[in-house]
Amino acid sequence: MSHTATEKMLQDAGNVDDLAPGDTVEVDVDVSWVHETQLEIFKEKFEEVGGEVWDDAKCMFMIDHFPVPTSQEQADRLGDLREYAAEKGVDVVSVGIKHQAWRMLGIGRPGAIMAGPDSHTPTAGALGAFSTCVGPTDTALVWKTGRIWVTVPETIRFDVTGELDPYVTVRDIGFAILEKFGEDTSYFANNCTVEYAGDTVTRTSLDGRQTLCNMGTEMGVTNAYIQPDERLREEYLEPKVDADYQIFETDEDATFKERHEIDVEGLSPKVAYPHSPSNVHDVEEAEGIEIDQLFLGSCANGHLEDLRLAASILKGEEIHPDVELIVTPATDEIRKQASAEGLIDTFLQANARVSSGYCSVCPGYEGILGADEVCLSTSTRNYRGRMGHRNSEIYLCSPATLAASAIEGEIADPREVDDAR
Amino acid sequence: MPGETVRGLAWTFGDDVDTDTIIPSQYMRKSPDEYARHAMEPLAPEFGEEVGEGDVVVAGTNFGIGSSREQAVIALDLAGVGAVLAESFARTFFRNAINEGFPVIEVDESTVASIDRDDELEVEPFGGTIRNVTKDETYTFEPFDEPIQSILEAGGAIPYYQSEHPE
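Remember, predicted model here, so these are calculated numbers, not experimental data. (Residues numbered from 1 in each chain as written. Chains lettered and ligands numbered in written order. Predicted model: local features only at pLDDT ≥ 70, side-chain atom pairs only at ≥ 80, totals over all residues. Heavy atoms only, no water.)

A. Focus on the side chain of A:D306. Residue and element names in this part refer to chain A. Among the structural elements, D306 can be located in helix α12 (residues 304-314). Within the local environment of D306, its side chain forms a polar contact with the side chain of H303, the two groups lying 2.9 Å apart. Every residue in contact with D306, bar those within four places of it in the chain, is listed here: L296, A300, N301 and P399. (Helix = DSSP H or I, 4+ residues; strand = E, 2+ residues; numbered from the N terminus. Polar contact = N/O pair within 3.5 Å; in protein donor to acceptor, adjacent residues only side chain to side chain. Contact = heavy atoms within 4.5 Å.)

B. Focus on the interface of chain A and chain B. Taken together, the contact pairs 43 residues of chain A with 33 residues of chain B. Between chain A and chain B lies a buried interface of about 3,300 Å² when both sides are counted; carbon and sulfur atoms form 48% of it. The largest contributions to the chain A side of the interface with chain B come from A:Y187, A:Y383 and A:R390, which together make up 15% of the buried area. In this structure, the connection of chain A to chain B is made through 4 salt bridges. (Buried area = accessible area lost by both parts, 1.4 Å probe. Salt bridge = Lys/Arg side-chain N within 4 Å of Asp/Glu carboxyl O.)

C. Local environment of the environment of B:G14. Residues and elements named next belong to chain B. Residue position: G14 is located in the loop between β1 (6-12) and α1 (19-22). Note on G14: relative accessible area 42%, which makes it partly exposed. G14 sits 73 residues away from E87 along the chain, and the two C-alpha atoms are 10.0 Å apart. Dropping the residues within four chain positions of it, G14 is found in contact with A59 and G60. (Buried < 20%, exposed > 50% of the residue type's maximum accessible area, 1.4 Å probe, protein only.)

D. Local environment of the pairing of strand β14 (residues 293-297) of chain A. Residue and element names in this part refer to chain A. Counting buried positions over the 5 residues of β14 gives 5, a clear majority of the element. Residue alternation in β14 divides its side chains into two sets, Q293, F295 and G297 and L294 and L296, and both sets are buried. Sheet topology note: the β14/strand β15 (residues 324-328) ladder contains 5 bridges and is parallel. Bridge pairing links L296 to V327 in β15. Note: β14 against strand β17 (residues 374-377), 3 bridges, orientation parallel. Within the sheet, the bridge partner assigned to L294 lies in β17 and is L376. (Pairing = 2+ DSSP bridges.)

Structure, rendered in C-alpha cells:
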C-alpha cells in the first residue's frame, strides 16, 4: 500500500497499519506546550483531570506572545505561568516565537508528533514533523495521557519549479498559491496536509521552507510537510538535533486529493489586501496605497534571511518620514545573529524601531492600530481588527516589498525601488 | 443542560468568519464574562449589547478560521449564544467547541439561505431539527458522529474523559 509521509508518521505513532484519509487514529505525542494566552483555560481543564504531567521531558511552557508585558494583566499572566510551571516541574521556554524556537533548540524533528495550541504549529512540517494545532482543552488531555486523536488528512501536493526573480521571494510563492486556489475561501485546504516539493523547494533555505509551511495555516491545513533532505540533514539535523528522529517519505505513487504544478518563473511580488490572506493582488496593482505603519517579523517572515533581504534594501536609506517601521526578529538567536551581521544597525540608522517582542505586532500586542490606520506587514494574517481598531487595515507582503515600501512611504515594488538606486 | 432545546433569535453572518472577529485578542486579557461582551465586535459592534440568551449564530462556510483561541467558543457561549449553525467549520474551532460542550451544527447551504436575521429559531441539537418559528419552516441536519455525540452529552471533553476514567 502506498502512503504519504503524514500517513506513515500517524501509522507509526498510532501503532497501526495502513491508514487512509478520514480514519481516526490516536497517536503518542512527542512535543506539546502551553503559552501565555492559553494558560488559564489549559490550567482549569488540566487540574480537572488531575494535573499530573505524563512526561515532563516532552512538554514545556512557552512565552512568546508578550514576553515584555505592557499591562498589569499581562505581567500577572506571566507570573502565573512561571509559578504554575514551577509547580509542575516543567521548563519555561522564552527564547522566541515557538515555531522558530523549536528549530533554534533542535526540538522540531522528522517523525515527531507535535500537538498543542497555536495555529501556526504546521510550520514545523518544514523540519519533517507531523505538527498540528489543537486547542487548550485538547492540550490538557494530551498532558494527562500523552496521546491525541486526529483524523487522517487528505494531501494536497504542490510541485514547485522554476527560479524566482530578484526581490521575488518564497513568501510570494505562498501568496500565489492562496491567490490561485483561495478564491472562494482562503481555507481551501481545510482538514488537509499541504505537501511542498519540486526543485524550487529543494533549493529553498530552511528559513524559506518554514515560511511555506507556515502559510499552510492560512490555507486551513491540519499539517504541512516538506521532505527532509540533505540540506535539512547538514544544516539542522546533524548540528542541532540530539533527540531521536525518523525520516518518513511520501511514496511515489501515493494518492493525493489534488496535485498541482506551480511554476514560479516570472512570478511578481504579491500583496494580500484586507481582510483575507487570499485577497491577493500583484504588487504593481498595489503601488501607491497609503500606509501608516510597517512590520517586519512574525513566524512567517521573522527569520535571519528575511532580515538580511530587508536590510539589503534599507542599507544607507532612511524610511519615509510619514511612516513607522517596527522590526522584530523571531528569536533571541536571530536577533543576535542579525546584530553580528550589522543588520540591526542598518534598521536603526534607517529610523526603524527594533523590538524583542517575538509575536509583537502580528496579533496586536505592539504597534496597535487606531481607527482608519493602515499597516503593511510580513505577518501571517490580516483579518479585520487583528492589530487594533475594527476600521484599521492590514496588507500582507514579503520582506523585500516591505523594505521598499518603507522607503517610499507607500506600497512599492521592490524590483523598482532597488534598481533605481 | 446538554442537548437542551436552544430558543432565540438568529444572527446571520457570511463565510470565513474568523477568530479575530469572534474575539479580538486585545480583550482576551479580561475575564471571560468581560471579554464575552466583545464577541463579534469587528463585524457587529452591537452584538455584545444586544445578543440574548439562546440566540443562534447562523453562518456560511469555514466559521471560526484563524487562531486556536478557545476563548472564541467561550465568548460566544458566555454571551448567551446557544448554538452555531454553519455550512462548515474550521477544524480547530470545531474541536474546541465540542470540547467545551458547545453545539456546533453543520447545516445545508439551503438552510442558511432560508434564515434571516432576527428569525425566531428552536434548535434541537440532539434531535436533528431546527424550527424557524417566524417563517413556519423546519430544517434538518445529520446527527453527530461518535465520539462527538457522547462528548456533547457529557458536557465537553473533560467531563467525557472523567466519565470514561472514573478515579
